[in-house]
There are 4 protein chains.
Amino acid sequence: MDGIGESLPDRAPAGELLCELLRCFYALGWCTGTGGGLSIRVQGGYLVAPSGVAKERVCPEDLFVLDETFETVSPLAGTRQQISECTPLFEAIYRRQGAGAVIHSHSIPIVLATRRDRNRRLLRWQSLEMIKGIRGASYPHPHEIPIIENTPRESELRESLEAALQSLPDHAHAIAVRDHGAYIWGRDAMEAKRHAEVYDWLCRFQYEESLEPPHREEGA
Amino acid sequence: MDGIGESLPDRAPAGELLCELLRCFYALGWCTGTGGGLSIRVQGGYLVAPSGVAKERVCPEDLFVLDETFETVSPLAGTRQQISECTPLFEAIYRRQGAGAVIHSHSIPIVLATRRDRNRRLLRWQSLEMIKGIRGASYPHPHEIPIIENTPRESELRESLEAALQSLPDHAHAIAVRDHGAYIWGRDAMEAKRHAEVYDWLCRFQYEESLEPPHREEGA
Amino acid sequence: MDGIGESLPDRAPAGELLCELLRCFYALGWCTGTGGGLSIRVQGGYLVAPSGVAKERVCPEDLFVLDETFETVSPLAGTRQQISECTPLFEAIYRRQGAGAVIHSHSIPIVLATRRDRNRRLLRWQSLEMIKGIRGASYPHPHEIPIIENTPRESELRESLEAALQSLPDHAHAIAVRDHGAYIWGRDAMEAKRHAEVYDWLCRFQYEESLEPPHREEGA
Amino acid sequence: MDGIGESLPDRAPAGELLCELLRCFYALGWCTGTGGGLSIRVQGGYLVAPSGVAKERVCPEDLFVLDETFETVSPLAGTRQQISECTPLFEAIYRRQGAGAVIHSHSIPIVLATRRDRNRRLLRWQSLEMIKGIRGASYPHPHEIPIIENTPRESELRESLEAALQSLPDHAHAIAVRDHGAYIWGRDAMEAKRHAEVYDWLCRFQYEESLEPPHREEGA
């Protein structure tokens, strides 16, 4: 952890923001089909969205609250809903990266990127201004994030995710999961959103560029 | 049927939800040009959207109500509108699958998928996490839905749709119609929406992946 | 004309609807860059959107009113705005087709379709259920609309547009303009919108299908 | 400058408009990941959006105000935010072009266009009606904008941007930056928006057309 605690948001406004961001992520195609998710660190613990529900319709009362040791204190409402199966992965990222928020995205361009070459264990971009939207990254240098292999159950990803976090490339703020999506984080919810938008832009750009026919002289 | 009846929604909130979902489906491109549709099972019967009207502008008063034997009790308003031509197809799915809601989608990625190979009678996906959004489906296993041939009039699809329902692949919650779209269902309206989003994601993903040029070593 | 007059809408609600539809068409990408437009026939005349303004921000007070002989009665507000340059084309379509509304679209898929083969003078679709969204068209039969050549000034299109109207294919409710877009009409504003959505779906579908690689056996 | 000053908007309505347009540009994909930006000339100076924040959430109080000599008078709120790094580039465009507003876009189609051929220093379109949305441009004639090379820091672009402004092609209202995006301007905010929509349409159109397979006779 890195002293981020002193400026952590209160639960109530963070819960409102979490639900607003889920509506935004749904519109962006990152959490359709009840997939994807979001967690925000708050004073005294963590908020986590429920599993298996339409993410764009989640209300603050539907959120789960975990204490600082990641024990569930309460589903805010006495609901039949279940906490996101991503929770152990969120926990691993919070513990190792000192993150303030973690997004789980099912974005099509990210999943396409993970399958382009099943032997590659990294996504890599270079010479795109948009890379500068990632904290610490710079324009002319390559930027990379790891790809880990998917598992039948989401919670089984924890081991390989932790291994990937131990040898994370410089400035990487995401781990892609082959056939599945990505976990993306930031110092707070808005930075996590910024990073998720940048990785999405980069994957979409790289996909669209890959479709272009080889350049022909004087093609206009 | 499967005892779903005891938790069926009341007409009034289901009517509001039906109209809200139509606006959502219009924005997703599933029911432009007045195509597509939605029906929800309620206490004592079924709600069905009218035919040939802008689906994103349907109000609860425009909905048709059918009783449990699928006789039209009333168009809620004394309107000149006609009930969806899909009604016999909705009925067949309700009767056989014990569904709580049925969506008819004209999504472009689904129609593209039905035409990729006119000899194939199944759509098939495998090794994509998103498949888990379908009730009963799992990550590493293939998931399939049948394709039936289109007919000049929508009501003429009933026979082949019923035949397809009789030999439905494991966990399938949709039937695609070549050149046309798909019928997608779930235990309630929100599950039908989840399934429709998943099938749409899968078709869109498969289409976009099919455009990629063959992998070249060290392509970044 | 075809007796449509007796059920023509009043100016005030038609003006509200016209502005609401422009916002919808902007979101659909049909009138970005202040291009595109919309006119609705009303009791005693016609409403026409102004030229060269952001179409999604047009208010009823910005609309021009023409009488039944297509003379401008008033810009509803004492504005510096100009009436759409499409007005003579709208007039030709109203006179010949007995239309109740005309949409001018700059949709990218439509413009792509007009340029696929510069020698072709028709757009043509067949065996797509969506075709049935056009009044009079049916599923298994081909549906065609003419393409006319673009001209430096929009008003110069009138002659070729009138020639195209004289030999319009069966059930056609649109004329495409090469490099430019299309004029699409219906018996009232909602039918014109339905037709525009259908033609847009058809052009987009045909474009996306044209990108697919040739079918390979057992490709999943 | 060109006497535009006498009709410059007041700060308060221009600040509201600036924030509304940022929300619109975010939805269009031009300023995701906190990239992109917007500045509007007002009575007595200039408004500039802050840097590194979610552009769709900027409020009028977050805007920076510069006086007519481009000195920062005040961030309207006593905020920790920083003024956009684009400010020196906005200044250069205001000074040379007499613009009333400048947009900085990270649109994917524009960035794709800058990378299609790294030896080209111009983007060029011809024979597209949409070109007429640029002030002074006409339908049958080619329209061009310059491409300049990207630099590690945005402020370092100023020199090459000024050189490009000195030899700007006829009617050009934008400068593209390779690997990065574009600066687009107009006489006022709404014209800058119109120009940005037109350039975006042109780049998107050209990209989509480039993917089409070569025309085959009688392909429908």
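Our subject is the structure that appears above.
Note that this is a predicted model, so its numbers are computed, not measured.

### Points about the relation of the copies chain B and chain A
Then comes step 1: Screw-axis analysis of chain B against chain A gives a translation of 0.0 Å along the axis, an RMSD of 0.0 Å, and a rotation angle of 90°. On the angle and the small slide along the axis, the relation comes out as a four-fold axis. By C-alpha distance to the rotation axis, the residue of chain B lying nearest is B:L211, at 4.9 Å.
Then comes step 2: Of all interface residues in chain B, a mere 3% are interface residues in chain A too; the two copies therefore contact each other through different surfaces.

### Overview of the interface of chain B and chain A
Then comes step 1: In this complex, chain B contributes 29 residues to the contact, which on the side of chain A involves 29 residues.
Then comes step 2: Summed over both sides, the interface between chain B and chain A buries roughly 2,500 Å², with carbon and sulfur atoms accounting for 51% of that surface.
Then comes step 3: Counting across the chain B and chain A interface gives four salt bridges.
Then comes step 4: We note a salt bridge from B:E209 to A:R115, for which the minimum N-O separation is 2.8 Å.
Then comes step 5: Linking chain B with chain A are 13 residue pairs in polar contact (both at pLDDT 80 or more), by the criterion used here.
Then comes step 6: Contributing elements (two or more residues each) for the side of chain B that touches chain A: helix 1 (11–27) and helix 5 (189–211) of chain B.
Then comes step 7: Broken down by element, the residue count for the side of chain B that touches chain A peaks at 11 residues, all from helix 5 of chain B.
Then comes step 8: Here the side of chain B that touches chain A is built from residues that sort into 15 nonpolar, four polar and 10 charged.

### Description of the interface of chain A and chain D
Then comes step 1: Counting residues at the interface gives 29 residues for chain A, matched by 29 residues for chain D.
Then comes step 2: Where chain A abuts chain D, roughly 2,500 Å² becomes buried across the two surfaces, and 51% of that area is made up of carbon and sulfur atoms.
Then comes step 3: Ranking the residues of chain A by area buried against chain D places A:E129, A:W201 and A:E212 at the top, with a combined share of 21%.
Then comes step 4: Summed over the shared surface of chain A and chain D, the number is four salt bridges.
Then comes step 5: A salt bridge links D:R116 to A:E212; the nearest nitrogen and oxygen atoms lie 2.5 Å apart.

### Some remarks on the relation of the copies chain A and chain D
Then comes step 1: The transform that puts chain A on chain D rotates by 90° and translates by 0.0 Å along the axis, for an RMSD of 0.0 Å.
Then comes step 2: When the interface residues of chain A are mapped onto chain D, a mere 3% of them again lie at the interface, so each copy presents a different face.

### With respect to the packing of helix 5 (residues 189–211) of chain A against helix 3 (residues 108–115) of chain D
Then comes step 1: Between helix 5 of chain A and helix 3 of chain D, the shortest axis-to-axis distance is 10 Å and the interhelical angle comes to 50°. Considering their axes alone, helix 5 of chain A and helix 3 of chain D lie oblique with respect to each other. Here helix 5 of chain A and helix 3 of chain D pass one another in a crossing that is right-handed. Note on element contacts: helix 3 of chain D touches helix 5 of chain A through D:I108, D:V111, D:L112 and D:R115, opposite A:W201, A:R204, A:F205, A:E208 and A:E209.
Then comes step 2: When its residues are assigned to classes, the contact of helix 5 of chain A with helix 3 of chain D shows five nonpolar, no polar and four charged.

### Quick word on the side chain of C:S84
Then comes step 1: By secondary structure assignment, the location of C:S84 is in the loop between strand 6 (82–83) and helix 2 (87–97).
Then comes step 2: When residues no more than four places from it in sequence are discounted, the contact partners of C:S84 are C:V48, C:A49, C:P50, C:S51 and C:F90.

### Notes on the pairing of strand 9 (residues 143–148) of chain D
Residues and elements named next belong to chain D.
Then comes step 1: Across the six residues of strand 9, five count as buried, placing the element largely inside the fold.
Then comes step 2: Pairing analysis gives four bridges linking strand 8 (residues 122–125) to strand 9, with the strands arranged antiparallel. Bridging from a neighbouring strand, L123 pairs with I145 of strand 9.
Then comes step 3: In terms of strand pairing, strand 9 meets strand 10 (residues 174–177) through two bridges, oriented parallel. Bridge assignment links I148 to a residue of strand 10, and that residue is V177.

### Concerning helix 1 (residues 11–27) of chain C
Residue and element names in this part refer to chain C.
Then comes step 1: Here helix 1 spans 24 Å end to end across 17 residues, near enough to the 24 Å set by a 1.5 Å rise per residue.
Then comes step 2: Taken as a whole, helix 1 has its buried residues at A14, G15, L17, L18, C19, L21, L22, C24, F25 and Y26.
Then comes step 3: Once helix 1 finishes, G29 follows within two positions and takes phi at roughly 85°, a positive value.

Conventions and cut-offs
- Residues numbered from 1 in each chain as written.
- Chains lettered and ligands numbered in written order.
- Predicted model: local features only at pLDDT ≥ 70, side-chain atom pairs only at ≥ 80, totals over all residues.
- Heavy atoms only, no water.
- Least-squares fit on C-alpha atoms with pLDDT ≥ 70 in both.
- Contact = heavy atoms within 4.5 Å.
- Buried area = accessible area lost by both parts, 1.4 Å probe.
- Salt bridge = Lys/Arg side-chain N within 4 Å of Asp/Glu carboxyl O.
- Polar contact = N/O pair within 3.5 Å; in protein donor to acceptor, adjacent residues only side chain to side chain.
- Helix = DSSP H or I, 4+ residues; strand = E, 2+ residues; numbered from the N terminus.
- Nonpolar A, V, L, I, M, F, W, Y, C, P; charged D, E, K, R; others polar.
- Axes fitted to C-alpha atoms, helices over the stretch in contact; angles between N-to-C directions.
- Parallel < 35°, antiparallel > 145°, perpendicular 65-115°, else oblique.
- Left-handed = near helix turned anticlockwise from the far one by under 90°.
- Buried < 20%, exposed > 50% of the residue type's maximum accessible area, 1.4 Å probe, protein only.
- Pairing = 2+ DSSP bridges.
- Expected span 1.5 Å × (residues − 1).

It is worth stressing that arrangement in space is one thing and function is another; only the former is reported here.
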